[in-house]
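Descriptive analysis of the structure
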Amino acid sequence: ALLLVDMFERLEAYLRSLYAKLLYQLRDKMKLPQKEPFHKKYPKSKDRSGTYYSQYAEFACRRDFPEAIAEIEKCVDWSGIVTAQWFQMPLDELYKTLAFCRNCIVHKEGRVINSKIGRLSRAGRTFVQSCLHKSLHSGEERMLPDTDTVNKCFEAVASYSYGLYVLLTEHCSMALDH
């Protein structure tokens, strides 16, 4: 279960970093969606360096990532990229599902929050169900994914991460560094 938490947190850091780099590359072509609230919270952040965009990405993605994922998705065309299909989930669903799992593991000791599982896609709910197993200590069903599930999840996260790297590198007309 802790591997799912770590995987989600690393995906989150990667998306935040990609979003900051994308904003920097597109700084003359797009307006920051939360510019005014950002400047209200950080009035001294006027410098338009890479650090400014890292701070903005940190601010915009402080709770979750719909803005970052939406902006990234506008810049990429997944049709030319093959990714590991994991429960047939696109990147945004993968993110939401892993966020849900992380929340259950960290805040509810692995118990699934039934009132919130309905917000996930069918594929997300199927994944969560595949991770539920009886705890040896309490006998309750808890988020205890098996090794194969974690490995496939890791493969999907790595596949999407590399796909994003390739697509955004092409979008920004940069050289691909393998």
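Residues numbered from 1 in each chain as written. Predicted model: local features only at pLDDT ≥ 70, side-chain atom pairs only at ≥ 80, totals over all residues. Heavy atoms only, no water.

**With respect to the packing of aromatic side chains**
The test is simple: When the centres of two rings from Phe, Tyr and Trp lie within 6.5 Å, Trp using its six-membered ring, the rings pair. Their planes under 30 degrees apart give stacked, over 60 give edge-to-face, and anything left gives tilted. Exposure categories follow from relative accessible area, calculated using a 1.4 Å probe and restricted to protein chains: below 20% of the type maximum is buried, above 50% is exposed, and the middle band is partly exposed. Per the convention used, a helix needs a DSSP run of H or I reaching at least four residues, while a strand needs a run of E reaching at least two, with both numbered from the N terminus. Ring-over charges, as used throughout, are those where CZ of Arg or NZ of Lys falls within 6 Å of the ring centre and within 35 degrees of the ring normal.
What the rule picks out here adds up to seven aromatic pairs. Arranged with centres 5.0 Å apart and planes meeting at 85 degrees, the rings of Y52 and Y53 form a pair that is edge-to-face. For the pair Y52 and Y53, one class covers both residues: buried. Each ring, one from Y162 and one from Y165, has its centre 6.0 Å from the other, and the planes form 35 degrees; the classification is tilted. Linking Y162 with Y165, this pair stays in helix α8 (residues 147–171), spanning three residues, or about one helical turn. A connected cluster of aromatic rings, assembled from ring pairs, spans Y24, F38, Y52, Y53, Y56 and F59. Its end group placed over the ring of Y24, R27 keeps NZ or CZ at 4.0 Å from the ring centre.

**Focus on the pattern of salt bridges**
Quick reminder of the rule: Every case where a carboxyl oxygen of Asp or Glu lies within 4 Å of a side-chain nitrogen of Lys or Arg is listed as a salt bridge.
Enumeration over the complete set of coordinates arrives at eight salt bridges. Among the ionic pairs, D6 bridges to R10, the shortest N-O distance being 2.9 Å. With D6 and R10 both in helix α1 (residues 2–25), this residue pair falls four residues apart, about one helical turn. According to the relative accessible area criterion, D6 is partly exposed, its value standing at 32%. By relative accessible area, which is 58% here, R10 ends up exposed. Put simply, D148 and K152 hold a salt bridge, and the shortest N to O gap is 3.2 Å. With D148 and K152 both in helix α8, this residue pair falls four residues apart, about one helical turn. Under the relative-accessibility criterion, D148 is labelled partly exposed at 45%.

**Some points on the nonpolar core**
Threshold: By nonpolar core we mean a set of buried residues, namely Ala, Val, Leu, Ile, Met, Phe, Trp, Tyr and Cys, connected to one another through side-chain atoms within 4.5 Å. Contacts are assigned to residue pairs that have any heavy atoms within 4.5 Å of one another.
Counting 57 residues, the largest nonpolar core has L4, Y19 and L98 as the members making the most contacts within it. Every element with two or more residues in this core is listed here: α1, α3 (50–60), α4 (66–75), α5 (91–108), α7 (122–131) and α8. With residues near it in sequence (within four places) discarded, L4 still touches L98, C101, I105, F127, C131, P145 and C153.

**What about the side chain of S135?**
With respect to the helices, strands and loops of the structure, S135 is situated in the loop between β1 (132–134) and β2 (141–143). For S135, a relative accessible area of 13% gives the class buried. In contact with S135, other than residues within four places in its own chain, are E140, R142 and L144.

**Things to note about a positive patch on the surface**
Put simply, the rule is: Candidate patch residues must exceed 30% relative accessible area and have no salt bridge, after which like charges are joined if within 9 Å and Val, Leu, Ile, Met, Phe, Trp or Tyr side chains if within 5 Å. Residue exposure ignores everything except the shown protein chains as possible cover, and the areas themselves are Shrake-Rupley values with a 1.4 Å probe. Counted as positive: Lys and Arg. Counted as negative: Asp and Glu, with His and the chain ends omitted from the count. To locate a charge, take atom NZ for lysine, CZ for arginine, CG for aspartate or CD for glutamate.
Judged by side-chain charge, R63, K108, K116 and R119 come together as a positively charged surface patch. Tracing the backbone through its elements, the reader meets K108 in helix α5. Its relative accessible area of 40% is what places K108 among the partly exposed residues.

**Notes on the state of the cysteines**
Basically, it comes down to this: When two cysteine sulfur atoms lie within 2.5 Å, the pair is treated as a disulfide.
Applying the stated criterion to the full structure yields zero disulfides. Unpaired in this structure, C153 has its nearest cysteine sulfur neighbour in C101, at a distance of 7.7 Å. Residue classification places C153 among the buried residues on the basis of a relative accessible area of 0%. Of all cysteine sulfurs in the structure, the one in C75 sits closest to C172, which takes part in no disulfide; the separation is 6.9 Å.

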